[in-house]
Amino acid sequence: MFSSLKTSEANKTRITELTSKLSLGAENAIARIALGHSLAQSKKLDLKNIADAKGKEYSKRILLGEHEAYYTALICQKYQLYKTDKDIPKYLKLHIDHGLELIHSSISSNPNLDGIDFLISEVSLGLG
């Protein structure tokens, strides 16, 4: 499948900023949250819009941990792909970059929001 994944160059600084601002753990935590946040949107993303790969690099093990099968299943379900499809890593990257942009925009418009408040608001939206 893939051994590592790189975010866009623009998201490299966003990861550092969001990790510091939200205090939700290591930098891979915000990438996982971004992936889930983007996948939760009803919008399907187009691979034609994939950004550069000049940003933060994550090994597959660090990025997905022991939950690789779950993240792969989420991508497969959203795009009706088989679990061995060659485009799954591209969709992972696309959604991580998209989710980081969305979270950064949300935090920028509400600078008093901390990490716990952000997570509670995300869970509330998911349960709504």
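On a predicted model such as this, the values are computed, not experimentally measured, just so you know.

How should I be thinking about the nonpolar core in this particular structure?
Within soluble globular proteins, side chains that are nonpolar generally end up buried alongside one another. L92 and I103 are the most contacted members of the largest nonpolar core, which has 28 residues in total. Contributions of two or more residues to this core are made by α1 (9-22), α2 (27-40), α3 (60-64), α4 (68-79) and α5 (88-109). A per-element tally of this core places α5 first, with eight residues. When neighbours within four sequence positions are excluded, I103 is seen to be in contact with L18, L22, I30, I33, A34, H37 and F118.

Is there a simple way to explain the pattern of salt bridges in this structure?
Working definition: two side chains of opposite charge can pair if their charged atoms are close together. Throughout the structure, instances matching the rule amount to five salt bridges. The closest approach of N and O atoms between D87 and K90, which form a salt bridge, is 3.6 Å. On the accessibility criterion, D87 (15% relative accessible area) is buried. Notably, a salt bridge pairs K93 with D97, separated by 2.6 Å at the nearest N-O pair.

It is not clear to me how α1 should be interpreted in this structure. Could you clarify?
Given 3.6 residues per helical turn, the α-helix brings residues three or four places apart onto the same face. Taking 1.5 Å of rise per residue, 14 residues should cover 20 Å, and α1 covers 20 Å from first to last C-alpha, within 8% of that figure. Residues N11, I15, L18, T19 and L22 constitute the buried set of α1. Mapping the buried residues of α1 onto a view down its axis gives an arc of 100 degrees, with all of them on the same face. Where α1 terminates, the next one or two residues include S23, which has phi positive at roughly 50 degrees.

Is there a simple way to think about α4 in this case?
For α4, spanning twelve residues, the distance from its first C-alpha to its last is 17 Å, which sits close to the expected 16 Å at 1.5 Å a residue. What α4 keeps buried is the set Y71, T72, I75, C76, K78 and Y79. Packed against the buried residues of α4 are α2, α3 and α5. Remark: Q80 follows α4 within two positions and exhibits a positive phi of approximately 55 degrees.

Would you mind showing me how to read the environment of A29 here?
Summarising the element assignment, A29 is placed in helix α2. Overall, the relative accessible area of 19% leaves A29 in the buried class. In sequence terms A29 and R14 are 15 residues apart; their C-alpha atoms lie 13 Å from each other.

Analysis parameters
- Every chain is numbered independently, its residues counted from 1 as its sequence is written.
- Totals for whole chains, interfaces and linings use all residues, but because this is a predicted model, local features are given only for residues with pLDDT of at least 70 and pairs of side-chain atoms are given and counted only at 80 or more.
- Working from all heavy atoms in the structure, the side-chain values ignore hydrogens and water.
- By nonpolar core we mean a set of buried residues, namely Ala, Val, Leu, Ile, Met, Phe, Trp, Tyr and Cys, connected to one another through side-chain atoms within 4.5 Å.
- The classification of residues rests on relative accessible area computed with a 1.4 Å probe and restricted to protein chains. Under 20% of the type maximum is buried, over 50% is exposed, and intermediate values are partly exposed.
- Helix numbers and strand numbers start at the N terminus; a helix is a DSSP run of H or I with at least 4 residues, a strand a run of E with at least 2.
- We call two residues in contact when some of their heavy atoms are within 4.5 Å.
- Salt bridge criterion: a side-chain nitrogen from Lys or Arg within 4 Å of a carboxyl oxygen from Asp or Glu.
- For a helix, the expected span equals 1.5 Å multiplied by the residue count minus one.
- What the arc measures is the spread of directions leading from the helix axis to the C-beta atoms.

Worth remembering: the numbers are spatial, not functional.
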